[in-house]
Amino acid sequence: MAQIFPTVENIKRLKTEPTEGEWFLLNHLIETLDDNFEVYFQPFLNGDRPDIVIMKKGCGVVIIEVKDWNLGRYIVSNENNWYLKERKQYIKSPFQQVFSYKSNLFSLHINGLLEKKLHNPNLYKIITPFVYFHNQTKKSVGELFIEPLRKIEEAREEVICKLKDQSIAYESYQKTDEYLDRKKRQFTRDINMLSITHENLKKITNLDYFRMGNTIFDTSIYDEFKRLLQPPYHELTDGIEIVYEKKQQQFSESKDEHAKIKGVAGSGKTVVLAKRAVNAHKRHGGSVLILTYNLTLKSYIHDRISDVREGFDWGYFYINNYHQIILQTLNQHNININPSGESLSESQIGQAFSNTDIFKSVKEDIEKYKTILIDEVQDYKREWIKIIRESFLEEDGEMILFGDEKQNIYERKLDQNKTTRTPNGFGTWKRLNKSIRHKKDSHILSLAKEFQQTFLSKKYDIDKYKENIVQQQMPGLGINKLAIYSDNDIPKIVSTIFKNIKEQNIHPNDVAIICSHINTIKEVDYIIRNESNEKTITTFESKEFSETLYVDLKNMRRSKKVGFNHNNGVIKLATTHSFKGFESPTVFLILNANDQDEIVYTGITRAKFNIMIFLQTGSKYKSFFDAHLQSEQLTRVPPH
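**Focus: the pairing of strand E14 (residues 393-403)**
Of all the eleven residues making up E14, eight are buried; the element is thus mostly covered by neighbouring parts of the structure. As defined by bridge partners, strand E10 (residues 258-263) adjoins E14 across five bridges and the pair is classed as parallel. Bridging across to E14, His 258 finds its partner in Met 399. Sheet topology places strand E13 (residues 369-374) next to E14; five bridges connect them, and they run parallel. Looking at E14, one finds that Ile 374 is bridged to Leu 401. Of the crossover connections in this fold, the one passing from E13 over helix H17 (residues 382-392) to the parallel E14 is right-handed.

Okay, structure coming up:
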């Protein structure tokens, strides 16, 4: 029986269920192939999602695109373009699609594969693409191409006639004939070589390299394929019903109260917020407003609410950040905060947004919410919380604040108890004391505790942990390292990152690289994309784009933050500020010599299983990290 990744149980839990054709082919492959074969369902490949990939060590790879199409609804032109008959709407040919997957594996995904192909053209043959047409026959597939093949023959006869009556030159005839011959060979290839139906499924396993092996598909290539094909951590946990521990369950119950909840790093504050949001709507049937400070978190909170997996109408949930909801409300009610018309400074804008009387004249006209939940409240000024409560909350409504003052990276003022300042009326802090992100003996949890004790205990009310819930582990656990760098060492940092990723066999989706200095992280992104050909997703504009004249960087950066998808299959790069609130199985944290304690702590606590810290020469944290992390020297080798 073939090995299946992710497991059948995982596949059944996916939010998008496999089609009938995908299930049929998966079951066929699992039952007919032996355990030397690895079958991957919709793997994340640097932004691509092929339906099925089959791999056998020492042999090669097959990529299959599955189509449950009724081919009678489609037509193929003599240029080999596909169209929907009904609207004559162009669609990408499934053969083009599967060939693009193969091409991208050489040019984008498998580092060094393209270079090896240039030295040995036979390497291109280690990947075979197929298109499986479910509920179709070889005859019905062939019938799709009858008309374009007929038109090609007509065109050939026409060009021969033109040559005979000397209406075209021989060179023109030759060029046209070669074009038509190339198109005919493409059609023949698609019909006879690439198409699969239930009648000829054996075509997959009858490939020569699956039967006899292939020395070209060596261990180094196999290992890199496996690293990229393996399911990322989030897919292994996707769809698993959330089990709330006692306090999480208690704090997620919705009631008309004003309260504030703080928790240790990884205690599931956002999980509780999401559950409480759904419970609030279920309780009163009204709208729920969820506010962040970090714009990047909007999609993340949306995903966490989706994880609750209860029936609800998304139309009742509004996820926004503070500045955006203030701007929208000002515009909606025609409030001008700048009557003079002169350009306002950042300080003046900040003062306007902290003016508790900003909506005094229109307060009764503003849309109100029965429940308001604020995430990462340590980023908020006390005046902002007061504005939200007085202007947007229904009378006797529910308002809950979630935060952790030790991630106070914007250096907001604290109260006398060394916790986040909030307006009166929210009571004392309720606490989540168990980390669900880290297992009991987590080296990252230990590092976070020690860092708090050493650097944060005099400033803040430090965490009091209870015994941790055992958390599911992931492949590749083991990075717990420190490397020292100087100003010109960014290329070495990138090389060292990739060295560790490959040694630990870590999927790109399970990697985040974060740094407080945007120019440093831009340079890292630039080197990754240009030297490794890896795709990335960032919360900032690219280095080359920012160097373009007349670029609106503010709007570009906002767009990148809004579109930041933390589970799209590629390496994530972000500033520490933008990644606050997220987590990643593996974090490479680049620290600058002048980073503040809160920035460092926030970066450490983004890691779930693996962490490597790059510390700039002269940092005050060197002796601390020397005592808690394994030292590694920077290397400079191409990331291939």
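**A short note on helix H15 (residues 322-332)**
Along H15, the positions that sit buried rather than exposed are Tyr 322, Gln 324, Ile 325, Ile 326, Thr 329 and Leu 330. The secondary structure elements touched by the buried residues of H15 are strand E11 (288-292), strand E12 (317-321), helix H16 (346-353), H17 and helix H22 (553-562). Asn 334 occupies a position one or two residues after H15 and carries a positive phi of about 55 degrees.

**A word on the domain arrangement of the protein**
Along its sequence, the protein is carved into domain 1 (3-231), domain 2 (244-436) and domain 3 (450-631). Computed from C-alpha atoms alone, the centre-to-centre distance between domain 1 and domain 3 is 38 Å. Facing twelve residues of domain 1, the contacting portion of domain 3 comprises 15 residues. Summed over the three residues of domain 1 that lose the most area to domain 3, namely Phe 44, Asn 46 and Arg 227, the buried surface amounts to 47% of that side. The interface formed by domain 1 and domain 3 holds two salt bridges in total. We note a salt bridge from Glu 224 to Lys 502, for which the minimum N-O separation is 3.9 Å. Our count for the domain 1 to domain 3 interface comes out at five residue pairs in polar contact (both at pLDDT 80 or more). Of all the secondary-structure elements, those providing two or more residues to the side of domain 1 that touches domain 3 are helix H3 (94-109) and helix H10 (219-229). Taken together, the residues of the side of domain 1 that touches domain 3 sort by class into three nonpolar, five polar and four charged.

The rules behind these values
- Residues numbered from 1 in each chain as written.
- Predicted model: local features only at pLDDT ≥ 70, side-chain atom pairs only at ≥ 80, totals over all residues.
- Heavy atoms only, no water.
- Buried < 20%, exposed > 50% of the residue type's maximum accessible area, 1.4 Å probe, protein only.
- Helix = DSSP H or I, 4+ residues; strand = E, 2+ residues; numbered from the N terminus.
- Pairing = 2+ DSSP bridges.
- Right-handed = clockwise from strand over helix to strand, strands pointing away.
- Contact = heavy atoms within 4.5 Å.
- Domains from an automatic or database assignment.
- Buried area = accessible area lost by both parts, 1.4 Å probe.
- Salt bridge = Lys/Arg side-chain N within 4 Å of Asp/Glu carboxyl O.
- Polar contact = N/O pair within 3.5 Å; in protein donor to acceptor, adjacent residues only side chain to side chain.
- Nonpolar A, V, L, I, M, F, W, Y, C, P; charged D, E, K, R; others polar.

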